[in-house]
Number of protein chains: 2
Amino acid sequence: MTDAKHHDNQARAADNLISVFEHQILDGTLQDGEPLPTEREIVQTYGVSRTVVREAVLALSNKGLVDARPRFRPVVRKPGYDAAIQAVGSIVMRLLTVPGGVRNLFDLRIMMEVALAREAALHADRDHIADLKSALEANEAAIQDSHLFFETDTAFHGVLYDVPSNPVLPSIHQAYTDWLSNHWKQMPRQPDRNIKNARAHRAIFEAILLRDPDAAEAAVRAHLDAAWTQVRETFNDL
Amino acid sequence: MTDAKHHDNQARAADNLISVFEHQILDGTLQDGEPLPTEREIVQTYGVSRTVVREAVLALSNKGLVDARPRFRPVVRKPGYDAAIQAVGSIVMRLLTVPGGVRNLFDLRIMMEVALAREAALHADRDHIADLKSALEANEAAIQDSHLFFETDTAFHGVLYDVPSNPVLPSIHQAYTDWLSNHWKQMPRQPDRNIKNARAHRAIFEAILLRDPDAAEAAVRAHLDAAWTQVRETFNDL
DNA sequence: TTTATATTTTTGTCATACCAAACTAACAGA
DNA sequence: TCTGTTAGTTTGGTATGACAAAAATATAAA
């Protein structure tokens, strides 16, 4: 899915260097956490100019394969779900700026959490249900404290992302939570909403307890539809 | 969710230039399809070196904000779902290389298509059902032609991604289709599987016709579980 | 008007240089 | 011996200038 497929690009010197390091990282020649050679070393090893080296390193950084802080040696970062989702983050952020972007992405979240709730209702084991229960109780105990409520709220939802034991899902939830906490300070603070949300969480939990996927779906939909009005108020200008 | 949050980076000159163009693209100062100024123009306008300009342009390209073919002027590409998903593509590709990555992502696809099938069973309108019907018939008519079958197969699934009229979904399907077609030549070619798959498609279609989400879900799961064996045979080394 | 050719821009790459930040090693004191 | 300081070295970020090759443009020819 690289650009090279869509345009009839001819390979640049930088592209070769990029793929060299890409392979070295993937096949373990360059271990995770290890720094890349210095730019001048690479220049000598591969017989290219520093310009090309710099371009390649930057590309690797943008691809999320290395962690490049200014003035520091780039550090190899093995592809992992967290790293990948994080690299995706800035792109998704931009989607929020297109007309209706927030709504579309929120709908995607609804679709996902509905599926997760159904899944949980059908297949959650004792441990998951115990986690869900404690997360719910922590959330209910935090209704007075807006900040704590926010944290326990996302934690409750996070349990749902853990049920299918697919490591991609927690990463997605983490990314969403990160984004939400960035904008949380702008969101209206209303304790009565906390009460409503906590009730919604309990409804979801009980539907899962009863192993009733349809009820779980309905509860999640009701909960997130209500949450949407909060989100819309915050992003009404989009 | 930029790296700047995780490390105590201090801004580089290039970063400033990047954000300048980022803003200009987002607020429409630089229109979609319009080429960026020439490098030397940017040098004069912003008083930076060409090194910095190149670095910034490359970063914008990696972010998917401009379409940069070698030796051509970079062209502004408004953030759209297609561009975003495409930019995400290389990252997702890497996830396929981690142990179990293929399985985890395929599970994600199952979760998504199950949700889409349920959605279609509940809310597909006449047009969608007509599209689905013609896609199904085209698929059934192509059982003998492996290549055509592949195309009509993905087209049938694509209709499901169109039902919720959320523009993110078709982009996701497009990205998946692109990836799949890249590896399609390696996949075993078995006409009897075409028959099975066509039957599975019909089962999905009929469940949607009957507005039976549970049956639709079951049909999709059966279909994709079978498809998984095909995928696994192709990527057994992962 | 269209086509072919010549001219000018522009990009990709290289080489070199400088500064400031990061790194390293020598050193002094506890 | 260990620790903290300091001076010297290395390295990344940026600037500048140069050149070949490809692209864009202008010009000439049909």
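Every value quoted in this text rests on a predicted model; they were computed, and no experiment measured them.

Caption draft 1: Seen up close, the packing of helix H6 (residues 101–123) of chain A against helix H5 (residues 101–123) of chain B. Relative orientation of the contacting elements H6 of chain A and H5 of chain B amounts to 100°, with a least axis distance of 10 Å. One element, H6 of chain A, and the other, H5 of chain B, form an angle in the roughly perpendicular class. Contacts from Met111, Met112, Ala115, Leu116 and Arg118 of chain A of H6 of chain A reach H5 of chain B at Met111, Met112, Ala115, Leu116 and Arg118 of chain B. In terms of residue class, the contact of H6 of chain A with H5 of chain B is made up of eight nonpolar, no polar and two charged.

Caption draft 2: Structural detail: the interface of chain B and chain A. Residue-level contacts link 57 residues of chain B with 57 residues of chain A. Between chain B and chain A the total buried area reaches about 5200 Å² when both faces are included, carbon and sulfur atoms providing 61% of it. Counting the contacts that link chain B with chain A gives four salt bridges. The partner of Glu55 of chain A in a salt bridge is Arg54 of chain B, and the shortest N-O contact between them spans 2.9 Å. The interface formed by chain B and chain A includes four residue pairs in polar contact (both at pLDDT 80 or more). Breaking the side of chain B that touches chain A down by element, the ones donating at least two residues are helix H3 (50–63), helix H4 (81–95), H5, helix H8 (168–184) and helix H10 (213–234) of chain B. At 11 residues, H5 of chain B tops the list of elements feeding residues into the side of chain B that touches chain A. Considering only residue class, the side of chain B that touches chain A consists of 26 nonpolar, 15 polar and 16 charged.

Caption draft 3: The relation of the copies chain B and chain A, seen in detail. Structural alignment of chain B on chain A gives an RMSD of 0.4 Å, achieved by rotating through 180° and translating 0.2 Å along the axis. A rotation of that kind, with that shift, is consistent with a two-fold axis. Nearest to the rotation axis, the C-alpha of Val88 of chain B is located 2.7 Å from it, this being the minimum over chain B. Comparing contact sets, 100% of the residues at the interface of chain B also lie at the interface in chain A, consistent with an isologous, same-surface contact.

Caption draft 4: Structural context of the environment of Pro79 of chain A. Checked against the element boundaries, Pro79 of chain A lands in the loop between strand S2 (75–76) and helix H5 (81–95). Under the relative-accessibility criterion, Pro79 of chain A is labelled buried at 10%. In this structure, the C-alpha to C-alpha distance between Pro79 of chain A and Gly64 of chain A, residues 15 residues apart in sequence, is 7.7 Å. Each residue touching Pro79 of chain A, except ones within four places of it in the same chain, is listed here: Leu26 and Leu65 of chain A together with Arg94, Thr97 and Val98 of chain B.

Caption draft 5: Broad picture of the domain arrangement of chain A. Domain assignment breaks chain A into domain 1 (3–76) and domain 2 (83–234). Once you take the C-alpha centre of each, domain 1 of chain A and domain 2 of chain A turn out to be 38 Å apart.

Caption draft 6: Layout of H8 of chain B. All names here are of chain B. With 17 residues, H8 extends 24 Å from end C-alpha to end C-alpha; this agrees with the ideal 24 Å at 1.5 Å per step. Of all 17 residues in H8, 12 are buried; the element is thus mostly enclosed. All buried positions along H8 are accounted for by Val168, Leu169, Ser171, His173, Ala175, Tyr176, Thr177, Asp178, Trp179, Leu180, His183 and Trp184.

Cut-offs used in this document
- Residues numbered from 1 in each chain as written.
- Chains lettered and ligands numbered in written order.
- Predicted model: local features only at pLDDT ≥ 70, side-chain atom pairs only at ≥ 80, totals over all residues.
- Heavy atoms only, no water.
- Axes fitted to C-alpha atoms, helices over the stretch in contact; angles between N-to-C directions.
- Helix = DSSP H or I, 4+ residues; strand = E, 2+ residues; numbered from the N terminus.
- Parallel < 35°, antiparallel > 145°, perpendicular 65-115°, else oblique.
- Contact = heavy atoms within 4.5 Å.
- Nonpolar A, V, L, I, M, F, W, Y, C, P; charged D, E, K, R; others polar.
- Buried area = accessible area lost by both parts, 1.4 Å probe.
- Salt bridge = Lys/Arg side-chain N within 4 Å of Asp/Glu carboxyl O.
- Polar contact = N/O pair within 3.5 Å; in protein donor to acceptor, adjacent residues only side chain to side chain.
- Least-squares fit on C-alpha atoms with pLDDT ≥ 70 in both.
- Buried < 20%, exposed > 50% of the residue type's maximum accessible area, 1.4 Å probe, protein only.
- Domains from an automatic or database assignment.
- Expected span 1.5 Å × (residues − 1).

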